[in-house]
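Residue-level structural notes
Residues per chain are reported as follows:
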Amino acid sequence: MNGLNVNLKIGQKIDVIQDGITFVSKIQDINENFLLIDVPVAGNRYFIAHHGRVIEFYVPNEKDVTKCRAIILGKKEKTTSICLF
């Protein structure tokens, strides 16, 4: 993705924080224009994704955690995936 200086990998776990709740997700696909992730879940709660919504997510690695922001571009049809920019 353009402008993102984080080493992201397909299958990597990320945490999406919303209203003090940590939702867990995983990266499905990486492109220079977008990031495709599984719909984040917290226990039995699903993250509600709205087109244009700005979200914060955290990318943990061996040394630290990187905080990122993204805009939801939409949901991939007939899947449980969210597309971010």
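A brief structural summary.

**Regarding the overall build of the protein**
Across its full length, the protein holds zero helices and eight strands. For the protein, the succession of helices and strands along the chain, N to C, is β-β-β-β-β-β-β-β. Partitioning the intrachain contacts of the protein with sequence separation of at least 6 by distance along the chain shows that 37% fall at a separation of at least 24. As displayed, the protein has an accessible area near 5,600 Å², and 50% of this comes from carbon and sulfur atoms.

**Topic: the pairing of strand S7 (residues 65–75)**
Judged from the seven bridges that link them, strand S6 (residues 54–60) and S7 form a sheet pairing that is antiparallel. Directly across from Val59, in S7, lies its bridge partner Thr66. Between S6 and S7, which pair antiparallel and follow one another directly, the connecting turn spans four residues.

**What to know about the nonpolar core**
Note that soluble globular proteins tend to have their nonpolar side chains buried in a common cluster. Formed by 17 residues in total, the largest nonpolar core has its most connected members in Ile14, Val16, Leu35, Phe47, Ile55, Phe57 and Leu84. Sorting the residues of this core by element identifies strand S1 (13–18), strand S2 (21–30), strand S3 (35–38), S6 and S7 as the ones contributing at least two each.

**Details of the pattern of salt bridges**
Counted according to the given criterion, the structure contains three salt bridges. Here Lys67 and Glu56 are joined by a salt bridge, their closest N and O atoms 3.5 Å apart. Here Glu56 lies in strand S6 and Lys67 lies in strand S7, a separation of eleven residues in the sequence. Put simply, Glu56 and Arg69 hold a salt bridge, and the shortest N to O gap is 3.0 Å. Taken together, the residues Glu56 in strand S6 and Arg69 in strand S7 connect sequence positions 13 residues apart. Several salt bridges share partner residues, and in doing so they unite Glu56, Lys67 and Arg69 into one network.

**Notes on the pairing of S3**
On a regular strand, each side chain points to the face opposite its neighbour's, so the side chains alternate between the two faces of the sheet. Bridge count between S2 and S3: three bridges; the pairing is antiparallel. Bridge assignment links Ile30 to a residue of S3, and that residue is Leu35. Linkage of S2 to S3, two consecutive antiparallel strands, is achieved through a turn of four residues.

**Digging into the environment of Pro40**
For Pro40, the position within the fold is in the loop between S3 and strand S4 (41–42). Residues Pro40 and Asp15 lie 25 residues apart in sequence; the distance between their C-alpha atoms is 7.9 Å.

**Regarding the environment of Leu8**
In this fold, Leu8 is placed in the segment before S1. In this structure, the C-alpha to C-alpha distance between Leu8 and Asn61, residues 53 residues apart in sequence, is 9.5 Å. Excluding anything up to four places from it in sequence, Leu8 contacts Ile27, Ile30, Leu35 and Val59.

Here is what the cut-offs are and how they apply
Residues numbered from 1 in each chain as written. Predicted model: local features only at pLDDT ≥ 70, side-chain atom pairs only at ≥ 80, totals over all residues. Heavy atoms only, no water. Helix = DSSP H or I, 4+ residues; strand = E, 2+ residues; numbered from the N terminus. Contact = heavy atoms within 4.5 Å. Areas by Shrake-Rupley, 256 points an atom, 1.4 Å probe, with all protein chains shown as cover. Pairing = 2+ DSSP bridges. Core = buried A, V, L, I, M, F, W, Y, C linked by side-chain atoms within 4.5 Å. Buried < 20%, exposed > 50% of the residue type's maximum accessible area, 1.4 Å probe, protein only. Salt bridge = Lys/Arg side-chain N within 4 Å of Asp/Glu carboxyl O.

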